[in-house]
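Inside the fold
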Amino acid sequence: MGWNSWNAFRTEVDEDKVMGAARVLVDSGLAKLGYNHVNVDDGWWLKRRQSDGRLQIRTGIFPSAATGGAAGTSFKPFTDKLHAMGLKAGLYTDIGRNACSQAYDLHSPNLPQGTTAEREVGLEGHVEQDINLYFKEWGFDYIKIDACGLADFVPGSKLVKDQDYRALAPLIDRSAINRTDIGAVRSRYEAVSTALKAARPNNDYILSICAWGMANVRSWGKDVGNSWRTSSDITPSWTSMLHNFDSAAKRPLYAGPGHWNDPDILHIGHEEFDAEHLVEARSHFTLWAMINAPLLVSYDLRNGPASLLGVVGNAELIRINQDQSGHQGVVTYDSDDAQIIVKTLGDGSRKAVALFNRSASPAPVILQARHLKLADGVAIVLKDLWSKKMLTFSGEHAFTLAPHETLVFEATGKRQLENGFYLSEIPGAVNVAVDGTRQAELDPTIHRMIDPWSGTRSSGSRAQYAGWGGAQADATPYGQTLQIAGQAFDSGIGVLSNSRLQVINASAHAWLMAAVGVDDSSANTGQAVRFYVYGDGRLLAESSPVTLGSKATPITANIKGSKIVELVVRDAKSGTTLPVVATWGDVRLVADTAASD
Ligand code: GLA
């Protein structure tokens, strides 16, 4: 949580503006609520000094950096000031040689200056040097690492010629995953992660990967960084907010404590999310809170209206976002018109639920106990986290949502599963070690907005982000209802064959139980698969081979004493390229087998 300069000022950032934001964070109480990072985005640099490769800061806009001496410039006085205010300091760089502003903000007064080499301010060739400078010498706590350097400086391009940049054969092709070198992009970020671990062995830093959902980062970001952008840049429009939300909302199993899906910084305070659009601003904030997105406010806090502080300062929603268990909200009712998102809190006795009207018309939304995995016929108490009003119902309750409105409640009731958890209730405890995807496929379910930059100057908006076919909570990898031989499951985990999930058995449950089988939606209809459960590496239970049409097979594993439980599905015979869609129906961790269905 914190503040970022980009949506407020783009490259026209300066020390007064940043310190002004920092002061408001402290004075308004937002810092106490958790907004403690102050992140300087693109625009801070002057050049890379050629005598020793040391980055020089643009002191015209960051005067306190003019420290002189052999170092030339230093951000230490700046980070000292932030630290003295009880805040943390964040900085921006690029994984390639050049940054995004050097491709997209050519009019900017704050672009790096000098020769071609002096303007190479990105990490390429300088990973250790720059990371040590930023984290050991300058005292930053957070780094956002962009990726335009790997995408936009194409040999022979007008940009490279006009600006006299050194070309780099792109490792990321934004419009073609098959022309993107996923492994090379990942290994560059891994090198940064290694340098960071060495620079800050206490692990007291945040690595924010900004590869905009490209290069299959939605699948591997969790293994490399603390957050990873799941989509292109947010713009202050409803349609862009939908697009960015969608890019992260179906990836709950890929996030958890210390590693988060990042649908981008907040655009609250601007255009369709300004003080004249509080319904939309509240929706934007609620959705980011529900999916554990980083909450980085990014408007000019010095001049912001109080009503917006009331939005981003909703302490209850911040508590939901920051809940220590780290379970991202799961979309339990899905449509293009309205969605229901449910997030397990704390020890599981409480849940947060958001009812989200995506459309511009009023939406009828019936919330059912089953959406919450709470028992039917028992009172469910809802506390509205905006109005603070209480509401009690049992079974189901009908709401009518205003256009673009999101209602959000904290819910308590009797849990469907009193003696444990469905794994889809605790996605933060699940690690998708191997998701079984044979090749990166593009996710077609993300809201297709008119591109904010090119408009309709193309044949249309196409799928862009890999990750389709990954593991899903309460749905198949391709977004279908979980179903084995005609038996549908409200709860469960959908995977592909040759996948491996790791589950932290934090509450020391005794049993893992499920009903497993080939999902009725599987396109591979011939292949048999087997399901296996391991506890700390030991095989505990396995199914016989099952094929499409085989009835759901019960599987029960005694996991007493196991810290890590693994759920594996393997093709019975190797050689098929098409994965089998495999369903862990009702998969749950329970204290005893008796009380479970
Ligand atoms: C990219 C990033 C943005 C911002 C700009 C800076 O577009 O995705 O968040 O950092 O670069 O130039």
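Remember, it's a predicted structure, so these values are computed and weren't measured experimentally.

1. Digging into the site of the ligand
Around the ligand sit Trp 6, Asp 41, Asp 42, Tyr 92, Cys 100, Ser 101, Lys 144, Asp 146, Cys 210, Trp 212, Arg 229 and Asp 233, and that is every residue in its neighbourhood. One of the side-chain N or O atoms of Lys 144 is found 2.7 Å from an oxygen atom in the ligand. Asp 233 has a polar side-chain atom sitting 2.5 Å from an oxygen atom of the ligand. When the ligand sits alone it has 310 Å² of accessible area, and the protein chains cover 94% of it.

2. Let's talk about the domain arrangement of the chain
Once the domains are mapped, the chain shows domain 1 (2-229), domain 2 (331-418) and domain 3 (421-590). Domain 2 puts eleven residues into the contact, and the matching count from domain 3 is ten residues. The contact between domain 2 and domain 3 buries some 860 Å² in all, and 46% of this surface belongs to carbon and sulfur atoms. A salt bridge links Arg 370 to Asp 490, with the nearest nitrogen and oxygen atoms 2.8 Å apart. Linking domain 2 with domain 3 are six residue pairs in polar contact (both at pLDDT 80 or more), by the criterion used here. Considered class by class, the residues forming the side of domain 2 that touches domain 3 number one nonpolar, four polar and six charged.

3. Focus on the sheet that holds strand β5 (residues 88-94)
Taken in spatial order, the eight strands make up an open sheet running β9-β8-β7-β6-β5-β2-β1-β10, and their pairing is parallel. One side of each edge strand has no neighbouring strand; the edge strands of this open sheet are β9 (260-262) and β10 (296-297). In the sheet, β5 pairs with strand β6 (residues 142-146) via five bridges, with the strands oriented parallel. Bridging across to β6, Tyr 92 finds its partner in Lys 144.

4. Observations regarding the environment of Gly 86
Mapped onto the fold, Gly 86 is located in the loop between α4 (76-84) and β5. For Gly 86, a relative accessible area of 56% gives the class exposed. Each C-alpha atom of the pair Gly 86 and Thr 406 lies 33 Å from the other, and the pair is 320 residues apart in sequence.

5. Here we look at the side chain of Asp 130
Locating Asp 130 in the fold gives a position in helix α6 (residues 127-137). Classification of Asp 130 by relative accessible area gives buried; the value is 0%. Setting aside anything within four residues of it in sequence, one finds Asp 130 in contact with Arg 48, Gly 53, Leu 55, Val 121, Gly 122 and Leu 123.

6. Section: unusual backbone geometry
Unusually for a residue other than glycine, Asn 203 sits at a positive phi of about 70°. Judged by relative accessible area, Asn 203 falls into the exposed class, the value being 55%. Residues other than glycine seldom take positive phi values, yet Asp 264 does so here, at roughly 105°. Locating Asp 264 in the fold gives a position in the loop between β9 and α11 (278-290).

7. Thoughts on the nonpolar core
Of all hydrophobic cores here, the largest spans 111 residues; its most connected members are Tyr 35, Trp 44, Phe 62, Tyr 134, Trp 138, Tyr 189 and Phe 285. It is helix α8 (residues 182-199) that provides the largest number of residues to this core, a total of seven residues. Among the domains, domain 1 (2-229) and domain 2 (331-418) are the pair contributing at least three residues each to this core. Once residues within four sequence positions are removed from consideration, Tyr 134 is found in contact with Trp 44, Leu 55, Leu 91, Thr 93, Val 121, Gly 139, Phe 140 and Ile 143. With 35 residues, the next largest nonpolar core counts Val 430, Val 432, Val 503 and Val 565 among its residues.

8. Some thoughts on the pattern of salt bridges
Under the criterion given, the structure shown has 35 salt bridges. Where Asp 41 meets Lys 144, a salt bridge forms, and the shortest distance between an N and an O atom there is 2.7 Å. Here Lys 144 lies in strand β6 and Asp 41 lies in the loop between β2 (37-39) and β3 (45-48), a separation of 103 residues in the sequence. On the basis of relative accessibility, which here comes to 2%, the residue Asp 41 falls in the buried class. Judged by its relative accessible area of 8%, Lys 144 falls in the buried class. One salt bridge connects Arg 49 with Asp 52, and the closest N-O pair in it is separated by 2.7 Å. Salt bridges linked by common partners bring Glu 316, Arg 319, Arg 350, Lys 383 and Glu 410 together as one network.

9. A closer look at the packing of aromatic side chains
All chains considered together, the criterion is met by 22 aromatic pairs. Aromatic side chains Trp 238 and Phe 273 sit 6.5 Å apart centroid to centroid with 35° between the ring planes, which places their arrangement in the tilted category. Of this pair, Trp 238 sits in helix α10 (residues 238-249) while Phe 273 sits in the loop between β9 and α11, placing them 35 residues apart in sequence. The pair formed by Trp 238 and Phe 273 is uniform in burial state, with each residue classed as buried. A network of ring pairs unites the aromatic residues Trp 44, Trp 45, Phe 62, Phe 75, Phe 78, Tyr 92, Tyr 134, Trp 138 and Phe 140 as a single cluster. In this arrangement the basic side chain of Arg 174 is found over the ring face of Trp 212, its NZ or CZ atom lying 4.3 Å from the centre. Between Arg 282 and the ring centre of Trp 386, over which it is positioned, the NZ or CZ distance is 5.5 Å.

10. Let's talk about the pairing of strand β7 (residues 206-210)
Among the five residues that make up β7, four are buried, leaving the element largely enclosed by the rest of the structure. Note that β6 and β7 share five bridges and pair parallel. Considered in β7, the bridge of Tyr 142 is made with Ile 206. Where β7 meets strand β8 (residues 227-229), two bridges bridge the pair, whose relative direction is parallel. Residue pairing across strands places Ser 208 opposite Ser 227, the latter belonging to β8. One crossover worth recording links β7 to the parallel β8 by way of helix α9 (residues 217-224), and it is right-handed.

11. As for the state of the cysteines
Summed over all chains, the structure comprises one disulfide. Disulfide pairing places Cys 100 opposite Cys 148 at an S-S distance of 2.0 Å. The disulfide joining Cys 100 to Cys 148 has a torsion of about 95° about its S-S bond and is therefore right-handed. Of this pair, Cys 100 sits in the loop between β5 and α5 (101-104) while Cys 148 sits in the loop between β6 and α7 (158-163), and the two are 48 residues apart along the sequence. Among the residues examined, Cys 100 registers a relative accessible area of 12% and is labelled buried. Unpaired in this structure, Cys 210 has its nearest cysteine sulfur neighbour in Cys 100, at a distance of 6.4 Å.

12. So, the environment of Arg 457
Among the secondary structure elements, Arg 457 is positioned in the loop between β20 (430-434) and β21 (472-473). At a separation of 3.0 Å, a polar atom in the side chain of Arg 457 contacts the main-chain carbonyl oxygen of Ser 454.

Conventions used here
Residues numbered from 1 in each chain as written. Predicted model: local features only at pLDDT ≥ 70, side-chain atom pairs only at ≥ 80, totals over all residues. Heavy atoms only, no water. Near = heavy atom within 4 Å. Polar contact = N/O pair within 3.5 Å; in protein donor to acceptor, adjacent residues only side chain to side chain. Areas by Shrake-Rupley, 256 points an atom, 1.4 Å probe, with all protein chains shown as cover. Domains from an automatic or database assignment. Contact = heavy atoms within 4.5 Å. Buried area = accessible area lost by both parts, 1.4 Å probe. Salt bridge = Lys/Arg side-chain N within 4 Å of Asp/Glu carboxyl O. Nonpolar A, V, L, I, M, F, W, Y, C, P; charged D, E, K, R; others polar. Pairing = 2+ DSSP bridges. Helix = DSSP H or I, 4+ residues; strand = E, 2+ residues; numbered from the N terminus. Buried < 20%, exposed > 50% of the residue type's maximum accessible area, 1.4 Å probe, protein only. Core = buried A, V, L, I, M, F, W, Y, C linked by side-chain atoms within 4.5 Å. Phe/Tyr/Trp six-rings, centres within 6.5 Å; stacked < 30°, edge-to-face > 60°. Lys NZ or Arg CZ within 6 Å of the ring centre and 35° of its normal. Right-handed = clockwise from strand over helix to strand, strands pointing away. Disulfide = S-S within 2.5 Å.

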